[in-house]
Structures are given as C-alpha cells and as structure tokens.
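Observations on the three-dimensional arrangement
For reference, the chains in residue letters:
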Amino acid sequence: MPNLLLEVRNIRKTYGKKILAVDNLSFHVMEGEIYGLIGPNGAGKTTSLRIIAGLIKPDGGEVLIRGVNVHESLKNNRRMIGYLPEEANTYPLLTGMEHLKIYGGLYGASSEDLEFGARITGLGNRLLMKTSEYSHGMKRRLLLGAVLMTKPRLAILDEPTSGLDVHASVSVRKTIRDYVKSTGAAAIVSSHNMLEIEYLCDRIGLIFKGKIIEEGRPRELVEKYGVANLEEVFTLLVRGVES
Ligand SMILES: Nc1ncnc2c1ncn2[C@@H]1O[C@H](COP(=O)(O)OP(=O)(O)OP(=O)(O)O)[C@@H](O)[C@H]1O
C-alpha cells in the first residue's frame, strides 16, 4: 500500500483585496503518484504550487508533507521538495555542468547524484557548453535534471513542458515518469495542456477560479462524463460552474 505523502487542506490565498487566487483548495498525493493540476490561465495553479513548495504562505489552510507543516519546517522542505518554477532560467555564462554542480552544492549532492542529474538531462557532451548556446528545450531539461538530481520525495513541476516541441515534451514526460516510478517519489505537475497531462498523470485535479472542480483518474473522468478526452470533461464542467 503506498503511503500518503502530501496533504493540502483548504488553502486560500488572496492578492490585494480583490483577487482570490486560491479558494479553499484541498487534495492529496500518495507516494509513487503523479498528480496533475490542470486549468486555464489564471486558475491558481502557480500560486497553489508556490504555497505547497513553502515559498508563499496561504491566508488560510495548511500543507502537510508526511504530516509536517511545510510553512513551519523549512529545513524539512529542503530535504523533501524539489521545485521547478515556470519562469526558471539559466545563467548564460555558465555551462550546464556548472549549473548542476552549483545547484547540487546547495543541496549537498554527492558525485552519484551529479551523475544521476547529468544523465537525466539527456544532454550528454552538451553539458559542457555555456547555456547561452542552449535552446529553450535544452534549458528546460537541464533545470529538470537539477531539480530531480537530489531525489526529492515531492517534485513540484510548474509547466515542465512549456514552450517545448512535441519531441522534447515526450522526452520530458518520460523523464518525470521514470523518476517517479523508479524512486517511489511523487510529482505534482501543472499544465493547461490537458491532452498531454492525460498521458502523464495517474490522477488529476481540474482547477478553475482557484477551486478544484473535479478530481480523479483521467480515463475514469473521461468515462464518467461520456466524452472523448479531458478537454471535453473540462469544457462540460466549466459550463456547469458558470451557468
Ligand atoms: N503576485 C501576484 N500579485 C497579484 N496577483 C497575482 C499574483 N500572482 C498571481 N496573481 C493573480 O492570481 C490569479 C492566479 O494566478 P496564477 O499565476 O496562480 O494562475 P495560473 O493558473 O498559474 O495561471 P497560468 O496558467 O497563466 O500560469 C490570477 O488572477 C493572477 O492574476
């Protein structure tokens, strides 16, 4: 039986007086599971992920990793969480390998961890090039390798395939899946590309206006609503919420 890793309980976040970005959002993730947080632009995905990563405090609710509150134990987070922000970039004058070494140094990575990180970037000798010469897809793979290198129990990946072509997206999805299934860790992946997430995630939460409006296994949701894919599930549900 897999163990419960993450519990998100009724988190809420308002920006200023008017923007309710996250509205009483709750879900859980088991070890060995890939959970997809899917929704349109502005639905509250990034804000939720930043709260779960311990980077911003919610106005209400709590986030527990193995029962420990992430906003009360930053040291624990460092050991447990790897976070890939949507907007992450690289230092152009450093090589890919130098990035891995610096990031690994911050997390006390061993030489085996570095080798693991280098391997999962899939960049081979191109790790010796300065990242100013990298394509967007190469940078994204490098950053993903850096995040997974220290083998976090929970990898929080905000739009990991954003801006990537089909070939690069397939490869990143495989890296995420292989990582989770080989280590027994868990991942939360956000995206507004529902078709892609349908293939990657074990379970998904559909987020709209800061709330999870439906949750389940992709195939089961598609069957439950009698439609062809998750995009159609989402369209049906949003129509219901707005009418
Ligand atoms: N720092 C901030 N200050 C004020 N408002 C913010 C801030 N960050 C996000 N918001 C607002 O909060 C809401 C949720 O934004 P968030 O970035 O969490 O959504 P998202 O689902 O990740 O969107 P996208 O798919 O476009 O990245 C939006 O209305 C956004 O404008």
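Note that this is a predicted model, so its numbers are computed, not measured. (Residues numbered from 1 in each chain as written. Predicted model: local features only at pLDDT ≥ 70, side-chain atom pairs only at ≥ 80, totals over all residues. Heavy atoms only, no water.)

Points about the side chain of Ser169
Note the following rule: Note on conventions: DSSP H or I runs of at least 4 residues are helices, E runs of at least 2 residues are strands, and numbering of each starts at the N terminus. The rule is simple: take the accessible area with a 1.4 Å probe, protein chains only, and divide by the maximum for that residue type; under 20% is buried, over 50% is exposed, in between is partly exposed. Contacts are assigned to residue pairs with any non-hydrogen atoms lying within 4.5 Å of each other.
By the secondary structure assignment, Ser169 is in helix H6 (residues 166-183). Residue class for Ser169 comes out buried when judged on its relative accessible area of 7%. Sequence-distant contacts of Ser169, defined by excluding residues within four places in its chain, comprise Thr161, Leu164 and Glu196.

Notes on the packing of aromatic side chains
We describe a pair of aromatic rings using the distance from one ring centre to the other and the angle between the two ring planes. What counts is decided by this rule: Classification of ring pairs uses Phe, Tyr and Trp, with its six-membered ring standing for Trp, and accepts pairs whose centres are within 6.5 Å; under 30 degrees between planes counts as stacked, over 60 as edge-to-face, and the remaining range as tilted. For a lysine, the NZ atom is tested; for an arginine, the CZ atom; a charge sits over a ring if that atom is within 6 Å of the ring centre and within 35 degrees of the ring normal.
On inspection of all chains with the given rule, the structure shows four aromatic pairs. For the ring pair Tyr103 and Tyr107, a centre distance of 5.0 Å and an interplane angle of 25 degrees mean the geometry is stacked. What makes Tyr107 partly exposed here is its relative accessible area of 31%. If you follow Lys151 out to its NZ or CZ, it ends over the ring of Phe116, 4.4 Å from the centre.

Digging into the pattern of salt bridges
Which entries qualify depends on this criterion: The term salt bridge refers to a pairing of a side-chain nitrogen on Lys or Arg with a carboxyl oxygen on Asp or Glu at a separation within 4 Å.
As enumerated under the stated definition, the model contains 14 salt bridges in all. Notably, a salt bridge pairs Arg219 with Glu198, separated by 2.8 Å at the nearest N-O pair. With Arg219 in helix H8 (residues 218-225) and Glu198 in helix H7 (residues 194-200), this residue pair connects regions lying 21 residues apart in the sequence.

Quick notes on unusual backbone geometry
The bulk of non-glycine residues show a negative phi, and the bulk of peptide bonds are trans. One non-glycine residue, Asn24, adopts positive backbone phi at about 55 degrees. Note that Asn24 resides in strand S2 (residues 19-30). One non-glycine residue, Lys209, adopts positive backbone phi at about 50 degrees. For Lys209, the location among the structural elements is in the loop between strand S9 (203-208) and strand S10 (211-216). The exposed category is assigned to Lys209, whose relative accessible area is 54%.

Overview of the layout of surface pockets
In plain terms, the rule: For cavity detection a 1 Å grid was placed over the protein atoms alone, and a set of points counts as a cavity when a 1.4 Å probe fits there but cannot get out; an open set counts as a pocket when protein lies on both sides within 12 Å along at least five of seven lines, with lining residues being those that have an atom within 4 Å of a point. Grid points are joined across faces, edges and corners, and a volume is the space filled by probe spheres set on the points. For this classification, the nonpolar set comprises Ala, Val, Leu, Ile, Met, Phe, Trp, Tyr, Cys and Pro, the charged set comprises Asp, Glu, Lys and Arg, and every other residue, Gly included, is treated as polar.
Size it by volume and the largest pocket reaches roughly 620 Å³. If you trace the largest pocket, you find 25 residues lining it, with Tyr83, Pro85, Tyr103, Leu106 and Tyr107 closest to the centre. Contributing elements (two or more residues each) for the lining of the largest pocket: helix H2 (74-80), strand S6 (81-84), helix H3 (96-106) and helix H5 (136-149). Here the lining of the largest pocket is built from residues that sort into 18 nonpolar, six polar and one charged.

Some details on the confidence of the model for the chain
Low pLDDT means the predicted coordinates in that region are not meant to be read closely. The criterion, for reference: pLDDT measures how confident the predictor is about each residue, on a scale from 0 to 100.
Confidence in the prediction for the chain averages 92 pLDDT; 99% of positions are at 70 or higher. Interface scoring of the predicted complex returns ipTM 0.96; its pTM is 0.93.

What to know about the packing of H3 against helix H4 (residues 111-121)
Two numbers describe a pair of packed helices, the interaxial angle and the distance between the axes. Put simply, the rule reads: Angular values range over 0 to 180 degrees, each being the angle between N-to-C directions of two axes fitted as lines to C-alpha atoms, with helices fitted over their stretch in contact. Just so you know how the angles are binned, under 35 degrees is roughly parallel, over 145 roughly antiparallel, 65 to 115 roughly perpendicular, and the rest oblique. A clockwise turn of the near helix away from the far one marks a right-handed crossing, whereas an anticlockwise turn of less than a right angle marks a left-handed crossing.
Remark: H3 packs on H4, axes separated minimally by 10 Å, with the N-to-C direction vectors making an angle of 140 degrees. It follows that H3 is oblique to H4 by the angle criterion. By crossing handedness, the relation of H3 to H4 is classed as right-handed. Judged by residue contacts, Met97, Leu100 and Lys101 of H3 engage Leu114, Gly117, Ala118 and Thr121 from H4.

With respect to the sheet that holds strand S4 (residues 60-65)
The criterion, for reference: Two strands pair under a simple rule: DSSP has to find at least two bridges between them.
The sheet built from four strands is open, its strands ordered S2-S1-S4-S5 with antiparallel pairing. Each having just a single partner strand, S2 and strand S5 (68-69) make up the two edges of the open sheet. Here eight bridges tie strand S1 (residues 4-15) to S2, and the two strands are oriented antiparallel to one another. Looking across to S2, one finds that Lys13 is bridged to Val22.

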